[in-house]
Amino acid sequence: MTQSQVQLPKRQLLQTHLLRRESIGNSYHVLTFDAPGETGPLPGQFTMIRSSEWGQAPLLSRPMSYLSGGPTPSLLVKVCGEGSARLGRAEAGEPFLLLGPLGTAWRAPDPNRRQILVAGGVGIAPLLFLAKSLAGTGKRPLLLYGGRTNRDLPLSDDAAESCQVEVTTDDGSLGHRGRVTELLERTLNDQVEVYTCGPDRMMAAVANLCFAAHVPCEVSLEAPMACGYGVCLGCAVPAALGGYMYACVTGPCIEAKAVDWERTHATFGKPAAKGEPT
Amino acid sequence: MTSQSVRIGSLVLKNPVLTASGCFGYGLEFDDFFDVSTLGGICTKGLSLKPRDGNAPHRICETPAGMLNAIGLANVGVEAFCRDKLPILRERGVTVVANIFASSVDDFVALAERLDGESGVHAIELNISCPNVTHGGIEFGRDAKMAAQVTAAVRAATKMPVWVKMSPEAGDLVGVARACEDAGADAITAINTIRGMVIDVANMRPKLANATGGLSGPALRPIAVRMVWELAGAIKIPIVGIGGITDTRDALEFLLAGASAVQVGTASFRDPCSAQTIMHGIREFCEERGCDVTELIGKARR
Ligand SMILES: Cc1cc2nc3c(=O)[nH]c(=O)nc-3n(C[C@H](O)[C@H](O)[C@H](O)COP(=O)(O)OP(=O)(O)OC[C@H]3O[C@@H](n4cnc5c(N)ncnc54)[C@H](O)[C@@H]3O)c2cc1C
Ligand SMILES: Cc1cc2nc3c(=O)[nH]c(=O)nc-3n(C[C@H](O)[C@H](O)[C@H](O)COP(=O)(O)O)c2cc1C
Ligand code: FES
């Protein structure tokens, strides 16, 4: 696998505090932490985060993709349940524990192809991190960004700095009315490669279009996680070769071909996925 | 200097803190975090004769101060464990307790025989209490006669210490534990998870694909402490206490109730170094009081 050739940064449980929280509307927040001297995450990696003030409930840490790395890493959080609601209320100075960086990073972009990033809602986070890492290489990826309404497209303005952005909404309140896959279909050719993160259904549709067009496609897997570092075996995702792989160690970033999307649908189709309001 | 070493039958542990089966992988996932050989020991993920894929997702969900899991004993199988994992653990000097699972007495025996010759395995823990598989597991752990039968058969198949892991769902816990003691068990591990369920109200379906799952974490702790307390009054072999231990204070409860050692499970998920922190914490507690750790065992009973 390509990822295994990349040297991943050392994982650690970082005791830190929140530098700032910016509310960016409709229950989205950007949280920035203090992590001086850290090597930091690679684009696509995630952290298991909890506040030291949570005590025994919420018991587990929450998996969140890095929006940026370096000495002040940030996360994009969508409020949907108890843990994310607390993240959405956190004040500067609050003590936090960040276990990370965890999981695989995005495969290094192919210099001979154009990168197309397909994001659904909060799935924008790891893709924007990737796009920003391309700055300076002369590359400007195409971002196809879908949400239910114009209020479900956090950081779309920010994205315009590093990407060519095309937006779709289900209700037509901004950009193209319809689904990102309708835009994607028109842009696929043998000069491009695709990176996608969002609801499972969206990623499966993106993967299918890419398979048909013989375009390389990378996805960021999502599954409930207890540990995030490969010991609980809770984050099983059906593997194309049979059996399961573990989203936190084999993923989250992995080639779409490695996933058995039909079995994934059967099991993950039902609960609200990332980016879909609950 | 206080002594931290404890004796579990013929096995002497450096200190009383182990990690629980299913919550610590094969002990090789912690290189970035701490030196696992400093622990009293580690219990492997439950090993079966053949590799197992485990249950369909969703396999886990969070509950108040706890979590449910229905992993379904996914594991690499005893052969791959002995070939790929054990040599590294042995070289590092890790004290390894091999947790094993089978759906028949014959398979339990085959597993014990396979592990018997392996240097680097220090004890065998029989999981007769897994709530998440359709055959074997908990059926053996609910019934004193069946539990004794498995224990005796494994006892005869290996020279290694044999620990038997209790199910909190055994109607007569003390009866099952006594039967295992009489059948030659060296220690009793208590407890495994207790079955629970969560329904997703929005989807009107169980949250777990398996519908039910084993409850672990702090929510389980008072039940586990009570069970260790009852066992300590009824059996002579050592007890290894487990259930919802997240910090030093929790671990001390189990020792004071009568456990000779403890296992840390779910707590490792949110902090991979939990067991190490607890190990240091118990030592400090003993140093402050100028006692050996063995003096704490069962102290709340006296
Ligand atoms: C690799 C990865 C990266 C992610 N990146 C982001 C991100 O950048 N921004 C963001 O807002 N969200 C992200 N998510 C989803 C996020 O983890 C969940 O929204 C969050 O855990 C919900 O917690 P809660 O307490 O608010 O919800 P609750 O429903 O109260 O949570 C209950 C339990 O279910 C788990 N859970 C609930 N929803 C999800 C979900 N969708 N995925 C996984 N576990 C879930 C929780 O972790 C918790 O243990 C990511 C998930 C994964 C696996
Ligand atoms: C995800 C998970 C997997 C587990 N797998 C096993 C297993 O393979 N064999 C076993 O005997 N116990 C297994 N257990 C039970 C634990 O070893 C322990 O008995 C239980 O979780 C209670 O301790 P805790 O509250 O500290 O986690 C598992 C528990 C969890 C949470
Ligand atoms: S979250 Fe525990 S193994 Fe992936």
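Details of the structure are given in the entry above.
Residues numbered from 1 in each chain as written. Chains lettered and ligands numbered in written order. Predicted model: local features only at pLDDT ≥ 70, side-chain atom pairs only at ≥ 80, totals over all residues. Heavy atoms only, no water.

Colleague: Account for the site of ligand 2, naming residues and giving values.
Modeller: If you check the shell around ligand 2, you find 26 residues, and the closest are Ser21, Lys165, Gly217, Gly244 and Thr266 of chain B. At the site occupied by ligand 2, the surrounding residues belong to chains A and B. Taking Lys45 of chain B, its side chain carries an N or O atom lying 3.0 Å from a nitrogen atom of ligand 2. For ligand 2, an oxygen atom lies 2.6 Å from a polar atom in the backbone of Gly244 of chain B. Here ligand 2, which alone exposes 610 Å², has 98% of that area covered by the protein. A class-by-class count of the residues in the shell around ligand 2 yields 10 nonpolar, 14 polar and 2 charged. (Near = heavy atom within 4 Å. Polar contact = N/O pair within 3.5 Å; in protein donor to acceptor, adjacent residues only side chain to side chain. Areas by Shrake-Rupley, 256 points an atom, 1.4 Å probe, with all protein chains shown as cover. Nonpolar A, V, L, I, M, F, W, Y, C, P; charged D, E, K, R; others polar.)

Colleague: Explain the sheet that holds strand β8 (residues 142–147) of chain A residue by residue, including any values.
Modeller: Residues and elements named next belong to chain A. Taken in spatial order, the 7 strands make up an open sheet running β10-β9-β8-β7-β11-β12-β15, and their pairing is mixed. The sheet is open, and its two borders are formed by β10 (176–177) and β15 (253–255), each paired with just one other strand. On top of the sheet, helix α2 (residues 124–133) reaches β7 (114–120), β8 and β11 (192–197); it is set at about 155° to β7, its chief contact. Sheet contacts for helix α5 (residues 200–213): β7, β11 and β12 (217–220); angle to β11, the most-contacted strand, approximately 165°. (Pairing = 2+ DSSP bridges. Helix = DSSP H or I, 4+ residues; strand = E, 2+ residues; numbered from the N terminus. Contact = heavy atoms within 4.5 Å. Axes fitted to C-alpha atoms, helices over the stretch in contact; angles between N-to-C directions.)

Colleague: Give me the lowdown on the pattern of salt bridges, citing residues and values where you can.
Modeller: Residue and element names in this part refer to chain B. Taken as a whole, this structure holds 23 salt bridges over all chains when the rule is applied. With a shortest N-O distance of 2.8 Å, Arg92 and Asp31 are connected by a salt bridge. Of this pair, Arg92 sits in helix α1 (residues 78–92) while Asp31 is found in the loop between β3 (17–19) and β4 (41–43), placing the two residues 61 residues apart along the sequence. Residue classification places Arg92 among the partly exposed residues on the basis of a relative accessible area of 37%. Between Arg83 and Asp84 there is a salt bridge, with the nearest N and O atoms lying 3.0 Å from each other. Assessed through its relative accessible area of 57%, Arg83 is described here as exposed. (Salt bridge = Lys/Arg side-chain N within 4 Å of Asp/Glu carboxyl O. Buried < 20%, exposed > 50% of the residue type's maximum accessible area, 1.4 Å probe, protein only.)

Colleague: I'd like to hear about the site of ligand 1, residue by residue, with values.
Modeller: With respect to spatial proximity, 22 residues lie near ligand 1, and among them Pro63, Leu76, Gly83, Ser84 and Glu222 of chain A are the closest. More than one chain reaches ligand 1: its neighbouring residues belong to chains A and B. Between ligand 1 and Lys78 of chain A there is a distance of 2.8 Å, counted from an oxygen atom to a backbone nitrogen or oxygen. In the complex, 86% of the free accessible area of ligand 1, which totals 830 Å², lies under the protein chains. Residue assignment for the shell around ligand 1 shows that the elements contributing at least two residues are β4 (62–68), β5 (74–78) and α1 (82–87) of chain A. No other element matches β4 of chain A, which puts 4 residues into the shell around ligand 1. Across the shell around ligand 1, the residue classes break down as 12 nonpolar, 4 polar and 6 charged. Both domains that meet at the shell around ligand 1, namely domain 1 (8–102) and domain 2 (114–222) of chain A, each give it at least three residues. (Domains from an automatic or database assignment.)

Colleague: Can you break down unusual backbone geometry residue by residue, with the values?
Modeller: In this structure, the amide linkage connecting Gly100 of chain A to the following residue, Pro101 of chain A, adopts the cis form with an omega of -10°. Position of Pro101 of chain A relative to the elements: it lies in strand β6 (residues 95–102). In this structure, the amide linkage connecting Ala190 of chain B to the following residue, Ile191 of chain B, adopts the cis form with an omega of 10°. By the element assignment, Ile191 of chain B lies in the loop between β10 (187–190) and β11 (194–197). Positive phi outside glycine occurs at Leu155 of chain A, with the angle close to 65°. Considering the arrangement of structural elements, one finds Leu155 of chain A in the loop between β8 and α3 (156–159). Classification of Leu155 of chain A as buried rests on a relative accessible area of 16%. Phi angles above zero are rare outside glycine, and Leu233 of chain A is one such case at about 65°.

Colleague: Describe the packing of aromatic side chains, listing the residues and the values that go with them.
Modeller: In this structure the tally under the stated criterion is 10 aromatic pairs over all chains. Considering the side-chain rings of Phe33 of chain A and Phe96 of chain A, the 5.3 Å spacing of their centres and the 75° angle between planes classify their relative orientation as edge-to-face. You can see Phe33 of chain A sitting in strand β2 (residues 28–33) and its partner Phe96 of chain A sitting in strand β6, a full 63 residues away along the chain. Taking the relative accessible area as the measure of exposure, Phe96 of chain A reaches 1% and is therefore buried. Taking 5.4 Å as the distance between ring centres and 85° as the angle between the ring planes, the aromatic pair formed by Tyr229 of chain A and Phe30 of chain B counts as edge-to-face. In this pair, Tyr229 of chain A sits in the loop between β12 and β13 (236–238) while Phe30 of chain B sits in the loop between β3 and β4, so the two residues belong to two different chains. Phe30 of chain B gets classed as buried once you look at its relative accessible area, which sits at 0%. Among the aromatic side chains, those forming a connected cluster through ring pairs are Tyr229 of chain A together with Phe24, Phe30, Phe33 and Phe34 of chain B. Positioned above the aromatic ring of Phe285 of chain B is the side chain of Arg289 of chain B, whose terminal nitrogen or guanidinium carbon lies 3.8 Å from the ring centre. (Phe/Tyr/Trp six-rings, centres within 6.5 Å; stacked < 30°, edge-to-face > 60°. Lys NZ or Arg CZ within 6 Å of the ring centre and 35° of its normal.)

Colleague: Explain the environment of Leu144 of chain A to me, and be specific about the residues and the numbers.
Modeller: Residues and elements named next belong to chain A. In this structure, Leu144 sits in strand β8. With 35 residues separating them along the chain, Leu144 and Arg179 place their C-alpha atoms 9.7 Å apart. Those residues in contact with Leu144, other than ones at most four positions away along the chain, are Ile116, Leu117, Val118, Ala119, Glu166, Val180, Leu183, Leu184 and Thr187.

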